[in-house]
Amino acid sequence: MRLILFFCSLILLVISCQSPPPKSESRLSTPPLVETAKAEYRNVSSPISRAGRLVPATEVKLSFKSGGLISEILAKEGQSVRRGQTLARLAKQEIEAQATQAKLALEQQEKDLKRLQALYADTVITLEQLEKAEAGVESRKAQIEAIEFNMNLSTIVAPTNGKILRRFAEPNELTGPGSPVFLFSPSRNQWHLNLQLSDKEGVRTAIGNRAEIKFDAFPDQAFPARVIKIKPIANPITGTFEIEVLLEELPKGELAAGLIGNATLFPADSAAYWTVPADALVTSSDKQAYVFELQGDSVLQRRLKIKRYQRDYLLIESGIEGPIEVVTSGKESLRSGQKVRLK
């Protein structure tokens, strides 16, 4: 009997010495801490992002008025030039010979005219013959003026300070009248970014819309701009609308034609949407997204239909009918119906 009582006492002692349940079990019952934000109903204008090529607003094609053999090309592509600087010359032997021939012919005609004037005074010839000789002299003078004018234009000079963008000819080549030799851009020039927009984007865009342009060459700068031109007819090959965006502020560094710029256009149209922070997104598939909505001291998973992803928030097409509060932080281990604590 005493032995039985001893064993019973020993069992009770062992039970009483057992450690209490681990504190981790109590921790599991503590609601997790979360942060929340309210869904907002606001007017949103969807920006349009496109890459385009930078071009000078003014490009001048410099050429010779008359054709001929190019004797000198004195400027290179990319070279900065000053106003009045000689850029190219034609060989002048041919045109100088034409000028000499015309002057000699004029001298002979003027001598003939004096002789005819004397004969007319003696009534040997008629007035018609005299007037015909006078007209011949005037015609020859006009011919000489045209030759001298073309001779002056057998040299290309820079119309103002600027830069040679392209060179189309080389020395000893034949060029025709008006054929471009240089593509020239004035120094005090505006710059445009040419963009291609889809039909949906084109109808949303209007002249005067605000824009912002960034270049890889100037990574820390964003330049204000505005839409200044929209071609009314779509490109027949690509089906896109071509627009021009004017840079309203230029970088301190020198711009170069052909730079690729990334433009963000801000059309004037807007629409009202419920929006939630992008941090509230739990999962998404296509246009379906899930967030946790705070209801009292617990959360409920809500399915939303997304209209569009913005930079830091989501535009909601359906799934929100009124003000709600969504979890933005601490949502990783939550489940629908779970109680939570607010930070």
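Presented here is a report on the structure given in the accompanying data block. Sequence order as written defines the numbering, with residues in each chain counted from 1. Thresholds applied to this predicted model are a pLDDT of at least 70 for local features of residues and 80 or more for the giving and counting of side-chain atom pairs; totals over whole chains, interfaces and linings are not thresholded and use all residues. Where side-chain values are given, they derive from all heavy atoms of the structure, hydrogens and water being excluded.

Before going further, it helps to examine the sheet that holds strand β7 (residues 86-90). Note on pairing: DSSP must find at least two bridges between two strands before they are called paired. To qualify as a helix, a DSSP run of H or I must reach at least 4 residues; to qualify as a strand, a run of E must reach at least 2; elements of each kind are numbered from the N terminus. Taken in spatial order, the 4 strands line up as β8-β7-β5-β10 in an open sheet, and their pairing is antiparallel. Every interior strand has two partners, whereas the edge strands, β8 (155-157) and β10 (174-175), have only one. Across 3 bridges, strand β5 (residues 68-73) lies against β7 in antiparallel orientation. If you follow I70 over to β7, its bridge partner there is L90.

For Phe, Tyr and Trp, rings pair up if their centres lie within 6.5 Å, where Trp contributes its six-membered ring, and each pair is then called stacked (planes under 30 degrees apart), edge-to-face (over 60) or tilted (otherwise). Enumeration over the complete set of coordinates arrives at 4 aromatic pairs. Geometrically, the ring pair formed by F215 and F223 is tilted, given 5.9 Å between the ring centres and 50° between the ring planes. For the residue pair F215 and F223, the accessibility class agrees, reading buried in each case. Linked through ring pairs, F215, F218 and F223 together constitute an aromatic cluster. Placement of a charge over a ring requires the Lys NZ or Arg CZ to be within 6 Å of the ring centre, with the centre-to-atom vector within 35 degrees of the ring normal. Positioned above the aromatic ring of Y313, the side-chain terminus of R42 is 4.0 Å from the ring centre. Over the ring of F266 we find R210, and its NZ or CZ is 4.2 Å from the ring centre. Only protein chains enter the accessibility calculation, which uses a 1.4 Å probe; a residue is then buried when its area is under 20% of its type maximum, exposed when over 50%, and partly exposed in between.

The next thing to look at is the pattern of salt bridges. Should the charged atoms of two oppositely charged side chains come close, the side chains can pair. The salt bridge criterion pairs a side-chain nitrogen of Lys or Arg with a carboxyl oxygen of Asp or Glu, the two atoms within 4 Å. All told, the structure shown has 10 salt bridges when counted by the stated rule. Ionic pairing is found between R167 and E170, a salt bridge with its closest N-O pair at 2.5 Å. You can call E170 partly exposed: its relative accessible area is 34%.

Expected span of a helix, by definition, is 1.5 Å for each gap between consecutive residues, and there is one gap fewer than residues. Across its 26 residues, helix α4 (residues 127-152) extends 38 Å between first and last C-alpha, which sits within 8% of the 38 Å expected from 1.5 Å per residue. Within α4 the residues assigned to the buried category are L130, A133, V137, I144, I147, N150 and M151. Contacts are assigned to residue pairs that have any heavy atoms within 4.5 Å of one another. In this structure, the buried side of α4 is in contact with α3 (93-121).

In this section: the layout of surface pockets. As defined here, a cavity is a set of points on a 1 Å grid over the protein atoms alone where a 1.4 Å probe fits but cannot get out. A pocket is an open set with protein on both sides within 12 Å along at least five of seven lines, and residues line them when an atom is within 4 Å of a point. Grid points are joined across faces, edges and corners, and a volume is the space filled by probe spheres set on the points. Empty space within the largest pocket amounts to approximately 340 Å³. What lines the largest pocket is a set of 18 residues, among which K163, S187, W191, E254 and L255 lie closest to the centre. At the level of secondary structure, the elements contributing two or more residues to the lining of the largest pocket comprise β6 (80-81), β9 (162-167) and β11 (180-186). Considering every element that reaches the lining of the largest pocket, the biggest residue donor is β9, with 3 residues. When residues are grouped by polarity, Ala, Val, Leu, Ile, Met, Phe, Trp, Tyr, Cys and Pro land in nonpolar, Asp, Glu, Lys and Arg in charged, and all others, Gly among them, in polar. Of the residues contributing to the lining of the largest pocket, the split by class is 9 nonpolar, 6 polar and 3 charged. The calculated volume of the second largest pocket comes to roughly 240 Å³. Residue lining of the second largest pocket: S45, P47, S49, E212, T264, F266, R308, Y309, Q310, R311, D312 and Y313, and that is the complete set.

Further remarks concern the side chain of N235. Tracing the backbone through its elements, the reader meets N235 in the loop between β14 (218-230) and β15 (241-247). A 3.5 Å cut-off defines polar contacts: any pair of N or O atoms within that distance qualifies, except that in protein one atom must be a possible hydrogen donor and the other a possible acceptor, and neighbouring residues in sequence count only when both atoms are side-chain atoms. A distance of 3.3 Å separates a polar side-chain atom of N235 from the backbone nitrogen of T238. Those residues in contact with N235 that lie beyond four places of it in its chain are T240 and E242.

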